[in-house]
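Report on the structure
Spelled out from the first residue to the last, the chains are:
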Amino acid sequence: MKPSKNQLLWMYSAMAKARYFEDTMAAVYMEGKSPKFDIGAGPVPGEMHLCAGQEPCAAGVCVHLRPEDTVTATHRPHHQAIAKGVDLKKMTAEIFGKKTGLAGGRGGHMHLLDPKVNFACSGIVAEGTGPAVGAALAAKMRGTKAVAVSYVGEGAANQGAFHEALNLAALWKLPVLFVIEDNAWAISVPKSKSTAVADNSVRAAAYGIPGVHIADNDTLAIFTAAGEAIERARAGGGPTLMEIETYRYYGHFQGDPEVYRPAGEVAALKAKDPIERLRKEMIANGGVSAAEADAALAAARKEVDEAVAFARQSPYPAPAEALEHVFA
Amino acid sequence: MILSDIAVPEGLWDTSKTPEGVVANWFYRDGSTVEAGAKIAELMVEKTVFDIAAPAAGELHILVPKDGIVRPGTLIGRIDGA
Amino acid sequence: MASKSNRILTMSHAIAEGIANEMRTDPSVFVMGEDIAAYGGIFGATTGLLAEFGEQRIRDTPISETAFIGAGVGAAMAGMRPIVELMFVDFFGVCMDAIYNLAAKNIYFSGGNCKVPLVIMTATGGGYSDAGQHSQTLHATFAHMPGLKVAVPSNAYDAKGLMISAIRDDSPVLYMFHKGLQGLAWMASPEKAATEVPDDAYAIPLGEAKVVRPGKDATIVTLSMMVHRSMEAAEQLAKDGIDVEVVDLRTLVPLDRATVFKSVAKTGRLIVVDEDYSSFGVTAEIITSVVERDPTVLKVKPRRLAFPDIPIPYSRPMEQFALPNAGKITEAVRESVKKGR
């Protein structure tokens with residue numbers, strides 16, 4: 001399965017947008033937190049988990065998705081939210097805790113929910129696997145061709161909920177794609193110290209479903225494998241497990257001193273940046289011109305800048321609004 | 001009276017990127033007696049924490065309190081070793 | 001050695017030192033949890049332990065709470081004294097069975113023939129915008145389960161003593177430490193949370209509340225971070241000649257109802273302050289404990305300040321609106337003192 005020119009440009013745009021968003025957020029997050037880093041201070045307080053480097057995992061999968069397909073994600077959700085088409089202004093406003101945010105400021109960056117594009121994320125590891133199975137179940141019961149994608153990290157592959165969800169999806173032959181973003185570190189613990197197998201895609205055999213392993217953060221390989229899995233799911237062929245070897249440039253959370261990370265690791269990863277690789281590939285072999293690529297990049301950055309400006313200018317909720325929307 | 005300076009060491013962090021740090025915690029009250037080498041304070045620069053040890057034994061005098069801003073060379077306290 | 005006795009420790013270091021004290025004298029004590037080894041625990045509770053005790057006794061685990069807390073129960077029943085860290089109390093959902101159906105009940109199911117000397121330590125608390133799944137305190141959730149002791153220190157000195165007691169206890173103990181009290185360089189904490197801590201292995205018995213500020217006009221019963229907010233309120237009120245007694249519960253199970261009652265019998269006015277959700281919780285339990293023993297000790301209606309019954313909002317103005325604080329506590333005390341009834 002090869003991407004069309006439009007798909008290449010779409011993926012490049014989604015990845016560049018996510019990267020610029022993350023780099024922008026890294027700077028915004030530090031506002032008000034210098035010289036003393038106080039996690040509760042500044043316009044974006046609390047925790048911040050950035051995904052720079054992991055963009056292919058979102059773009060290569062979500063390029064195949066429609067608004068009626070469901071994506072569940074984790075505490076590191078920005079690239080998937082962007083690729084799924086979550087309203088960027090409302091998402092950014094939510095991260096800033098503003099009244100104009102997706103949840104009026106109630107959720108924040110780990111709890112971004114946008115029912116218009118069926119996107120939800122959560123701060124509990126592996127928690128999104130169950131809901132993805134549920135969305136797939138609903139699609140099957142209603143007879144639609146919608147699918148669900150559940151994103152987890154490699155650390156989540158050792159959590160009970162993950163295994164229960166895979167078994168249930170396999171048993172009921174549901175249209176789900178489980179994607180493991182293996183970014184090598186579960187906070188400070190490397191995969192070799194947490195997981196009994198080197199490659200989580202082999203665990204698919206335990207559930208009788210296909211397992212795919214993607215090496216080296218390869219956007220086009222993700223595109224192909226995800227495309228096949230999603231087609232199979234839409235056609236009633238059941239779930240697939242995919243593990244993508246990816247990497248995060250930033251720490252687990254902003255403020256993470258990253259003492260566990262070997263010196264030079266991040267620099268080496270940046271030398272093979274996936275967005276640069278895709279750009280080169282799509283210009284060389286995809287029929288995309290440098291001018292088109294530049295235009296896509298500029299448009300992506302502009303959208304991010306406008307979203308951040310919107311967030312900054314938006315008002316905070318009135319404090320007593322905290323009491324609203326507990327129940328439907 | 002032998003006064004020893006407790007100064008923020010030079011070269012602890014890349015000041016071109018982050019010129020300042022803060023005193024994150026003192027581990028003894030002003031006027032306490034401390035042993036040479038005891039961990040008496042910690043500094044924080046961005047997200048990294050540095051331990052500060054007492055350069056000598058004696059009575060601690062705190063000059064820069066918790067949350068105070070520091071740079072390399074800032075005198076944060078003294079030990080009176082008399 | 002003079003410098004050791006006036007040495008101040010942050011609460012995180014006090015917890016780690018309590019664990020180290022016991023690990024040095026008892027080879028059956030070991031620690032398991034996520035990022036507790038090289039990282040020293042996300043909230044510093046195991047700082048320095050890997051270097052001293054090595055990776056056989058200080059074990060990083062996968063993200064598998066049900067497995068490693070269940071394993072903690074099993075190891076405890078097999079003669080070890082495990083300390084297991086649940087990184088955020090909010091994560092209890094994925095392993096609650098191991099805690100409340102397994103750890104809390106096996107002594108009973110064995111008719112006292114089995115011991116479960118397990119400590120589950122966990123980080124609680126909000127106020128720094130970590131939103132609904134990372135800011136909870138959940139005191140009531142765990143205090144409510146028969147078979148589980150619950151310790152809740154408010155400062156470094158108590159933290160070390162309570163941890164040592166928890167480790168020595170043959171029953172399972174849930175040890176809840178507030179993140180905002182740990183003295184972490186990257187999170188604001190009250191100055192008085194860090195205290196002088198002796199370096200010997202002293203134990204503070206579970207089940208003993210402490211009157212941290214004697215007074216005669218009103219009693220504030222509280223725990224954890226809210227001890228500090230209550231003390232701020234007490235200082236404010238003292239300027240207006242209102243003398244408040246502050247009781248730090250220190251342990252929820254066993255609950256020191258005697259100390260609470262004695263204080264309220266003295267002052268006649270009760271205000272309970274808890275960061276946990278309001279309904280069906282600690283505040284209700286304290287008030288009921290007094291009223292069912294003797295409601296006539298109360299000169300005015302009791303009051304409670306707690307988090308409203310809502311998921312914890314992310315946005316700062318909303319979270320700060322919801323949290324109890326010194327201002328609200330001061331107001332509540334003034335109301336109690338003012339009224340005839």
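The structure under discussion appears in the preceding block.
Summary of the structure given here. (Residues numbered from 1 in each chain as written. Chains lettered and ligands numbered in written order. Predicted model: local features only at pLDDT ≥ 70, side-chain atom pairs only at ≥ 80, totals over all residues. Heavy atoms only, no water.)

Turning our eyes to something else, we now look at helix H7 (residues 219-234) of chain A. Residue and element names in this part refer to chain A. Spanning 16 residues, H7 covers 22 Å between terminal C-alpha atoms, matching the ideal 22 Å at 1.5 Å per step. Looking only at H7, the buried set comprises Thr-219, Ile-222, Phe-223, Ala-225, Ala-226, Gly-227, Ala-229, Ile-230, Ala-233 and Arg-234. Against helix H1 (5-30), helix H2 (55-62), strand E5 (176-182), strand E8 (211-214), strand E9 (240-245) and helix H9 (274-285) lie the buried residues of H7. Backbone nitrogen of Leu-220 and a side-chain oxygen of the N-cap are separated by 3.1 Å at the start of H7; the cap is Asp-218. Within two residues after H7, Gly-236 carries a phi angle of roughly 90°, on the positive side. (Helix = DSSP H or I, 4+ residues; strand = E, 2+ residues; numbered from the N terminus. Expected span 1.5 Å × (residues − 1). Buried < 20%, exposed > 50% of the residue type's maximum accessible area, 1.4 Å probe, protein only. Contact = heavy atoms within 4.5 Å. Polar contact = N/O pair within 3.5 Å; in protein donor to acceptor, adjacent residues only side chain to side chain.)

Moving on, we get to the pattern of salt bridges. Enumeration over the complete set of coordinates arrives at 37 salt bridges over all chains. Residues C:Arg24 and C:Glu52 are paired through a salt bridge, measuring 2.7 Å at the closest nitrogen-oxygen approach. Here C:Arg24, found in helix H2 (residues 11-25), pairs with C:Glu52, found in helix H3 (residues 49-53); they are 28 residues apart in sequence, far enough to count as distant. You can call C:Arg24 partly exposed: its relative accessible area is 49%. By relative accessible area, which is 41% here, C:Glu52 ends up partly exposed. Across the salt bridge formed by C:Glu245 and C:Lys266, the nearest N and O atoms sit 2.5 Å from each other. Taken together, the residues span a long stretch of sequence, with C:Glu245 in strand E11 (residues 244-248) and C:Lys266 in helix H10 (residues 257-267) at a distance of 21 residues. When its relative accessible area of 3% is taken as the criterion, C:Glu245 is described as buried. Through salt bridges with shared partners, a single ionic network connects A:Arg19, A:Glu55 and A:Asp273. (Salt bridge = Lys/Arg side-chain N within 4 Å of Asp/Glu carboxyl O.)

Glancing now at the pairing of strand E4 (residues 39-45) of chain B. All names here are of chain B. Most of E4 is tucked away: 6 of the 7 residues are buried. The pairing of strand E2 (residues 21-26) with E4 spans 4 bridges and is classified as antiparallel. The residue bridging Val-23 from the neighbouring strand is Leu-43, located in E4. As paired strands, E4 and strand E5 (residues 48-53) are joined by 6 bridges and run antiparallel to one another. Looking at the pairing, Val-45 lines up with Thr-48 of E5. (Pairing = 2+ DSSP bridges.)

As a further point, take the sheet that holds strand E13 (residues 270-277) of chain C. Residue and element names in this part refer to chain C. Across the sheet, 5 strands lie side by side as E9-E11-E10-E13-E14; this open sheet has mixed pairing. The open sheet has two edge strands, strand E9 (210-213) and strand E14 (303-307), and neither has a second partner. Across the sheet, the axes of successive neighbouring strands diverge by a mean angle of 25°, strand direction being ignored. Where E13 meets E14, 4 bridges bridge the pair, whose relative direction is parallel. (Axes fitted to C-alpha atoms, helices over the stretch in contact; angles between N-to-C directions.)

Counted by the stated rule, this structure contains 6 cavities of 30 Å³ or more. Together, 43 residues line the largest cavity, and A:His75, A:Val125, A:Ile187, A:His252 and C:Ile63 are the ones closest to its centre. Of the residues belonging to the lining of the largest cavity, the class tally is 22 nonpolar, 13 polar and 8 charged. In this model, the second largest cavity occupies a volume close to 60 Å³. Along its surface, the second largest cavity is lined by 15 residues, and A:Glu47, A:His109, A:Met110, C:Ser129 and C:Tyr314 are the ones closest to its centre. (1 Å grid on protein atoms, 1.4 Å probe; cavity = no way out; pocket = protein on both sides within 12 Å on 5 of 7 lines; lining within 4 Å. Points joined across faces, edges and corners; volume = space filled by probe spheres on them. Nonpolar A, V, L, I, M, F, W, Y, C, P; charged D, E, K, R; others polar.)

Moving on to the packing of H2(C) against helix H8 (residues 156-168) of chain C. Residues and elements named next belong to chain C. Here H2 crosses H8 at 30°, and the two axes come no closer than 8 Å. Taken together, H2 and H8 sit at an angle that is classed as roughly parallel. At the point where H2 passes H8, the crossing takes the right-handed sense. Residue-level contacts link Met-11, Ala-14, Ile-15, Glu-17, Gly-18, Ile-19, Asn-21 and Glu-22 of H2 to Ala-156, Ala-159, Lys-160, Met-163, Ile-164, Ile-167 and Arg-168 of H8. Class assignment for the residues of the contact of H2 with H8 results in 9 nonpolar, 2 polar and 4 charged. (Parallel < 35°, antiparallel > 145°, perpendicular 65-115°, else oblique. Left-handed = near helix turned anticlockwise from the far one by under 90°.)

Turning next to helix H5 (residues 129-142) of chain A. All names here are of chain A. An ideal rise of 1.5 Å per residue puts 20 Å on 14 residues; H5 measures up with 20 Å between its terminal C-alpha atoms. For H5, the complete set of buried residues consists of Thr-129, Ala-132, Val-133, Ala-136 and Ala-139. Buried positions in H5, seen along its axis, are confined to an arc of 120° and lie on one side of it. Seen from the open side of H5, the exposed residues pointing more than 90 degrees away from its buried face are Met-141 and Arg-142. Elements that come into contact with the buried residues of H5 comprise strand E1 (70-73), strand E4 (148-153), helix H6 (160-171) and E5. Directly after H5, the chain includes Gly-143, whose backbone phi takes a positive value near 75°. (Arc of directions from axis to C-beta.)

The next thing to look at is the interface of chain A and chain C. Between chain A and chain C, the residue contacts involve 50 residues of the former and 37 residues of the latter. The largest share of the area that chain A buries against chain C comes from A:Ile39, A:Ile124 and A:Gln159, three residues that together contribute 15% of it. For the interface between chain A and chain C, the tally reads 0 salt bridges. The tally of links from chain A across to chain C stands at 16 residue pairs in polar contact (both at pLDDT 80 or more). (Buried area = accessible area lost by both parts, 1.4 Å probe.)

To continue, consider the layout of surface pockets. Here the largest pocket is characterised by a volume of approximately 1100 Å³. Lining the largest pocket are 39 residues, with B:Lys39, B:Glu42, C:His13, C:Thr47 and C:Gly48 positioned closest to its centre. Broken down by element, the residue count for the lining of the largest pocket peaks at 6 residues, all from H2(C). Residues belonging to the lining of the largest pocket are distributed by class as follows: 17 nonpolar, 11 polar and 11 charged. Its boundaries defined by the atoms lining it, the second largest pocket holds a volume of some 540 Å³. As for the second largest pocket, its lining consists of 28 residues, of which A:Glu258, B:Lys17, B:Glu46, B:Lys47 and B:Thr48 are closest to the centre. Looking at the lining of the second largest pocket, the elements that each hand over two or more residues are H1 and helix H8 (265-270) of chain A together with E5 of chain B. Among the elements that make up the lining of the second largest pocket, the one with the highest residue count is H1(A) (4 residues). In terms of residue class, the lining of the second largest pocket is built from 14 nonpolar, 5 polar and 9 charged.

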